[in-house]
Amino acid sequence: MAFGLKREELYAWKEAVNRGEVAFLTHYWIDDRFPGATTVTKVGCGDIEKLIQWGEKYNIPSKYIDNRSGYPHFDLLGQRQREILAAEKKLDQLERFEKNGSK
């Protein structure tokens with residue numbers, strides 16, 4: 001379950017993905033399969049080859065691309081999420097949720 005987003009943020013992410021940009025969207029997230037994870041970052045791109053190349057940069061195999069929604073993306077969680085967001089200079093996306101009591 002996703003929450004903590006503004007509709008405009010989701011629309012902007014979808015539009016960027018559709019334009020073939022590598023786009024980042026972080027939100028609160030609860031899933032019993034990942035205890036302790038309270039946020040997820042979706043890294044999406046409508047250009048699958050570009051998304052695969054982005055994943056390779058961080059040693060994320062293409063088999064982890066989620067394309068069920070029509071917006072191909074990788075899901076980043078936990079420490080790896082933090083490391084990649086820091087490397088991409090997008091750590092502010094995660095820190096926004098941590099300030100509200102989630103880590």
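A brief look at the structure comes next. Computed from a prediction, not measured in an experiment: that's the story for all the values here.

1. Section: the layout of surface pockets
Volume-wise, the largest pocket comes out at about 430 Å³. Looking at the largest pocket, it is lined by 16 residues, and the ones nearest its centre are Tyr-64, Asp-66, Phe-74, Asp-75 and Leu-76. Broken down by secondary-structure element, the contributors of at least two residues to the lining of the largest pocket are strand S3 (39–44) and strand S4 (73–76). The calculated volume of the second largest pocket comes to roughly 150 Å³. For the second largest pocket, the lining is made up of 13 residues, of which Glu-9, Phe-24, Leu-25, Thr-26 and Gln-93 are closest to its centre. Secondary-structure elements contributing two or more residues to the lining of the second largest pocket are helix H1 (7–18), strand S2 (23–29) and helix H4 (91–98). A breakdown of the residues in the lining of the second largest pocket according to their chemical character gives 8 nonpolar, 2 polar and 3 charged.

2. A short note on the side chain of Thr-26
Residue placement: Thr-26 occurs in strand S2. Separated by 2.6 Å, the side chains of Thr-26 and Thr-41 make a polar contact. Side-chain polar atoms of Thr-26 contact the side chain of Gln-93, separated by 2.9 Å. For Thr-26, the residues in contact, after removing those within four places along its chain, are Leu-5, Thr-39, Val-40, Thr-41, Gln-81, Leu-85, Gln-93, Leu-94 and Phe-97.

3. Here we look at the side chain of Thr-41
Of note, Thr-41 is situated in strand S3. Aside from chain neighbours lying at most four places away, what touches Thr-41 is Phe-24, Leu-25, Thr-26, Phe-74, Asp-75, Leu-76, Gln-81 and Leu-85.

4. Things to note about the pattern of salt bridges
With the rule as written, the count across this model stands at 6 salt bridges. Arg-33 is paired through a salt bridge with Asp-31; the nearest N and O atoms lie 2.5 Å apart. With relative accessibility at 18%, the residue Asp-31 sits in the buried group. We note a salt bridge from Glu-83 to Arg-80, for which the minimum N-O separation is 3.6 Å. Here Arg-80 and Glu-83 lie together in helix H3 (residues 78–87), a separation of 3 residues that amounts to about one turn. We classify Arg-80 as partly exposed; its relative accessible area is 35%.

Rules and cut-offs
Residues numbered from 1 in each chain as written. Predicted model: local features only at pLDDT ≥ 70, side-chain atom pairs only at ≥ 80, totals over all residues. Heavy atoms only, no water. 1 Å grid on protein atoms, 1.4 Å probe; cavity = no way out; pocket = protein on both sides within 12 Å on 5 of 7 lines; lining within 4 Å. Points joined across faces, edges and corners; volume = space filled by probe spheres on them. Helix = DSSP H or I, 4+ residues; strand = E, 2+ residues; numbered from the N terminus. Nonpolar A, V, L, I, M, F, W, Y, C, P; charged D, E, K, R; others polar. Polar contact = N/O pair within 3.5 Å; in protein donor to acceptor, adjacent residues only side chain to side chain. Contact = heavy atoms within 4.5 Å. Salt bridge = Lys/Arg side-chain N within 4 Å of Asp/Glu carboxyl O. Buried < 20%, exposed > 50% of the residue type's maximum accessible area, 1.4 Å probe, protein only.

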